[in-house]
Amino acid sequence: MIKFFLMVNKQGQTRLSRYYEHVEIHKRTMLEAEVIKHCLSRSKDQCSFIEYKDFKLVYRQYAALFVVVGINETENEMAVYELIHNFVEVLDKYFSRVVSETFLL
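The rules we used
- Residues numbered from 1 in each chain as written.
- Predicted model: local features only at pLDDT ≥ 70, side-chain atom pairs only at ≥ 80, totals over all residues.
- Heavy atoms only, no water.
- Phe/Tyr/Trp six-rings, centres within 6.5 Å; stacked < 30°, edge-to-face > 60°.
- Helix = DSSP H or I, 4+ residues; strand = E, 2+ residues; numbered from the N terminus.
- Buried < 20%, exposed > 50% of the residue type's maximum accessible area, 1.4 Å probe, protein only.
- Expected span 1.5 Å × (residues − 1).
- Arc of directions from axis to C-beta.
- Polar contact = N/O pair within 3.5 Å; in protein donor to acceptor, adjacent residues only side chain to side chain.
- Lys, Arg positive; Asp, Glu negative; His and termini not counted.
- Salt bridge = Lys/Arg side-chain N within 4 Å of Asp/Glu carboxyl O.
- Contact = heavy atoms within 4.5 Å.

Draft legend 1. Representation of the packing of aromatic side chains in the model. Counted under the stated rule, the structure contains seven aromatic pairs. Here Phe-4 and Phe-55 contribute two aromatic rings whose centre-to-centre distance is 5.5 Å and whose plane-to-plane angle is 90°, an arrangement assigned as edge-to-face. Highlighted residues: Phe-4 in strand β1 (residues 2–9) and Phe-55 in strand β4 (residues 55–62), separated in sequence by 51 residues. Each member of the pair Phe-4 and Phe-55 is classed as buried.

Draft legend 2. Highlighting helix α2 (residues 77–95). In this model, α2 (19 residues) spans 27 Å end to end at C-alpha, consistent with the 27 Å of a helix rising 1.5 Å per residue. Of the positions making up α2, those classed as buried are Glu-77, Val-80, Tyr-81, Ile-84, His-85, Val-88, Leu-91 and Asp-92. The arc that holds every buried residue of α2, seen down its axis, measures 145°, which confines them to one face. Exposed side of α2, more than 90 degrees from the buried face: Val-90, Lys-93 and Tyr-94 are the residues found there. Structurally, the start of α2 carries an N-cap: the backbone nitrogen of Met-78 is 2.9 Å from a side-chain oxygen of Asn-76. Looking one or two residues past α2, Ser-96 carries a phi angle of roughly 55°, positive in sign.

Draft legend 3. Here's a closer look at the side chain of Lys-3. As for its position among the elements, Lys-3 is in strand β1. Nearest to the buried, unbridged Lys-3 among oppositely charged side chains is Glu-21, at 4.0 Å. Non-local contacts of Lys-3, meaning those with residues more than four positions away in its chain, are made with Arg-18, Tyr-19, Tyr-20, Glu-21, Asp-54, Phe-55, Gly-70, Ile-71 and Asn-72.

What follows is the structure in C-alpha cells.
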C-alpha cells in the first residue's frame, strides 16, 4: 500500500505531497525533511529503494526533480518504480516540458 507520494526539487523543497494515511502537519514536515535528506544524499549508482523506519522508500530522479513514494513492506518495489516513471511520462505529455526527454530512462 502506498503511504505517501512526494515530488521534491534538488534544493530539498517539496513541490507536491499527498498522504494516504493521516499524518499530523508537524510530523509531515519532519518526515519529509528526513526522507528528502536520505534520497538527495545518495549517488546515482546506488539502489533507488531504501528501507526507512517501518516502510520503504522508492524514488526516481528526473533532472532536478525527485519523485519519492513511501510504501509498506508488502508492496512490490519494482511496480512502484514503474508507476513513478509512468506518472512522470503522463505529466510530461499533458503539460509538456515537465522533464527533458534525455532524463526519462
